[in-house]
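Survey of secondary and tertiary structure
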Amino acid sequence: MLKFLKQVGDYAKDAVQAGRYIGQGLSVTFDHMRRRPVTVQYPYEKLIPSERFRGRIHFEFDKCISCEVCVRVCPINLPVVDWEFDKASKKKKLKHYSIDFGVCIFCGNCVEYCPTNCLSMTEEYDLCTYDRHQLNYDNVALGRLPYKVTDDPMVTPLRELVYLPKGVVSPHDLPANTRGAGLHPEEILEQQEK
Ligand code: SF4
Ligand code: SF4
């Protein structure tokens, strides 16, 4: 009989302990429900890509000298540089240039090595199409101005974590004109000169 009563007592103690643990867990859960969600509500809110973000490539037809360096440094020899030799000027003349973004891995090698800086990375990442062949951009498509998150009236642009002021972890409800943590390059130069 005593053994049975002890078992009941132990069981009741365990049940109370388990109940306390559940209570503690729920209090943490309810505490999280009081906080502001950190979710970025795409497509009405978008994070501003960083300065070195590697999005769609921009190309300037007039600057290209058809050297084909971009093809040689590309891991898959992707850019198509279509040129002909112009006998009158004794120079290469660019006829057509294209990059297929269905194959590109956005490594940025072509941008790094282009001697005339006619290639650059934009912050445009939304390139989806219904047809795979529409991803093959010709020089006209490559040359159009990129979409900017900050220029879209339908979108609330939000700063990425590294661009937030010191100690702030959420980009929501940020007062205007607050600057990010850390120094700007010109400020670092100024400090070094002192
Ligand atoms: S970004 Fe990389 S993969 Fe894409 S075209 Fe340039 S070098 Fe090739
Ligand atoms: S490396 Fe630059 S200049 Fe040379 S072909 Fe490519 S895009 Fe043109």
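Residues numbered from 1 in each chain as written. Chains lettered and ligands numbered in written order. Predicted model: local features only at pLDDT ≥ 70, side-chain atom pairs only at ≥ 80, totals over all residues. Heavy atoms only, no water.

Side note on the site of ligand 2
- Close contacts around ligand 2 come from 14 residues, with Cys64, Cys67, Glu68, Cys70 and Cys114 the closest.
- By residue class, the composition of the shell around ligand 2 is 11 nonpolar, 2 polar and 1 charged. (Near = heavy atom within 4 Å. Nonpolar A, V, L, I, M, F, W, Y, C, P; charged D, E, K, R; others polar.)

Some points on the nonpolar core
- Residues Phe59, Tyr97, Ile99, Phe101 and Leu119 are the most contacted members of the largest nonpolar core, which totals 22 residues.
- Ranked by residue count, the leading element in this core is strand E4 (residues 91-100), at 3 residues. (Core = buried A, V, L, I, M, F, W, Y, C linked by side-chain atoms within 4.5 Å. Buried < 20%, exposed > 50% of the residue type's maximum accessible area, 1.4 Å probe, protein only. Helix = DSSP H or I, 4+ residues; strand = E, 2+ residues; numbered from the N terminus.)

Focus on the site of ligand 1
- Looking at ligand 1, the residues that line it are Ile57, Cys74, Pro75, Leu78, Cys104, Ile105, Phe106, Cys107, Gly108, Asn109 and Cys110.
- Residues that form the shell around ligand 1 fall into these classes: 9 nonpolar, 2 polar and no charged.

Section: the packing of aromatic side chains
- Across all of its chains, the model carries 5 aromatic pairs by this definition.
- Between phenylalanine 53 and tyrosine 125, the aromatic rings sit 6.0 Å apart at their centres with planes inclined by 75°, giving edge-to-face as the arrangement. Here tyrosine 125 lies in the loop between strand E5 (119-121) and strand E6 (136-138) and phenylalanine 53 lies in the loop between strand E1 (45-47) and strand E2 (57-59), a separation of 72 residues in the sequence.
- Judged by its relative accessible area of 28%, phenylalanine 53 falls in the partly exposed class.
- Arranged with centres 4.0 Å apart and planes meeting at 5°, the rings of phenylalanine 59 and tyrosine 97 form a pair that is stacked. Of this pair, phenylalanine 59 sits in strand E2 while tyrosine 97 sits in strand E4; the two residues are 38 residues apart in sequence, bridging distant segments of the chain. For the pair formed by phenylalanine 59 and tyrosine 97, the shared burial category is buried.
- Aromatic rings pair up to connect Phe59, Phe61 and Tyr97 into one cluster.
- If you follow lysine 92 out to its NZ or CZ, it ends over the ring of tryptophan 83, 4.5 Å from the centre. (Phe/Tyr/Trp six-rings, centres within 6.5 Å; stacked < 30°, edge-to-face > 60°. Lys NZ or Arg CZ within 6 Å of the ring centre and 35° of its normal.)

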